[in-house]
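The residues making up each chain are set out below.
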Amino acid sequence: MESIEKVNLQDKFKQIPDFWNPRIAGELNGQQVKLAKFKGAFDWHHHEHEDEFFLVVSGSFEMHLRDKVVTLQPGEFIVIPRGVEHRPVAPTEAEVLMFEPASTINTGNLTDSEKTRTNLDRI
């Protein structure tokens, strides 16, 4: 049996030196808890088969959708349904927890983006 331990989000975020590069902080039922720092604009993309959950831990960011912009503050989350084109934009640094299927690639349908991460580190 694996060791069961608590996770301190502040400690984990301190281990992340870069932006738009999610790390795996936990796993359950085929899903992954991912942590990332956002700053600047991400690429427009969508996910054919996966919904995505974004929870702001610190800072804030905007989720750009084709028909509106939703601003998220600490303690707020948004679920982006599969197939919906979106782009996170963070004018200043934001720490974000994501919950999504382990198969989810951060750039979704974009395969040639410099921001695409397929082999995530664990923290």
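See the structure printed just above.
Here goes a summary of the coordinates provided. (Residues numbered from 1 in each chain as written. Predicted model: local features only at pLDDT ≥ 70, side-chain atom pairs only at ≥ 80, totals over all residues. Heavy atoms only, no water.)

**Looking at the pairing of strand β3 (residues 52-58)**
- Here β3 runs beside strand β6 (residues 77-80); their pairing, made up of four bridges, is antiparallel. Paired with Phe-53 across the strands is Val-79, a residue of β6.
- Bridging between β3 and strand β7 (residues 86-101) involves five bridges; their strand directions are antiparallel. Considered in β7, the bridge of Phe-54 is made with Met-98. (Pairing = 2+ DSSP bridges. Helix = DSSP H or I, 4+ residues; strand = E, 2+ residues; numbered from the N terminus.)

**Focus on the environment of Lys-68**
- Mapped onto the elements of the fold, Lys-68 is located in the loop between β4 (61-65) and β5 (69-72).
- For the pair Lys-68 and His-86, spaced 18 residues apart in the sequence, the C-alpha separation amounts to 10.0 Å.

**A few points about unusual backbone geometry**
- In the Ramachandran plot, Trp-20 falls in the positive-phi region, its phi being about 60 degrees despite a non-glycine side chain.
- The buried category is assigned to Trp-20, whose relative accessible area is 6%.
- The phi dihedral of Asn-29 is positive, around 50 degrees, even though this residue is not glycine.
- Since its relative accessible area comes to 77%, Asn-29 is described here as exposed. (Buried < 20%, exposed > 50% of the residue type's maximum accessible area, 1.4 Å probe, protein only.)

**Quick word on the side chain of Glu-52**
- Relative to the helices and strands, Glu-52 is located in strand β3.
- Comment: no salt bridge for buried Glu-52; closest opposite-charge side chain is Lys-34, at 6.8 Å.
- Side chain to side chain, Glu-52 and His-47 meet in a polar contact 2.9 Å long. (Lys, Arg positive; Asp, Glu negative; His and termini not counted. Salt bridge = Lys/Arg side-chain N within 4 Å of Asp/Glu carboxyl O. Polar contact = N/O pair within 3.5 Å; in protein donor to acceptor, adjacent residues only side chain to side chain.)

**Quick word on the environment of Lys-12**
- Along the chain, Lys-12 falls in helix α1 (residues 9-14).
- Accessibility expressed as a relative area gives 18% for Lys-12, which makes it buried.
- Put simply, Lys-12 and Arg-23 are eleven residues apart on the chain and 9.2 Å apart in space, counted from C-alpha to C-alpha.
- Among residues more than four places away in sequence, those in contact with Lys-12 are Val-7, Leu-35 and Ile-123. (Contact = heavy atoms within 4.5 Å.)

Keep in mind these values describe shape, not function.
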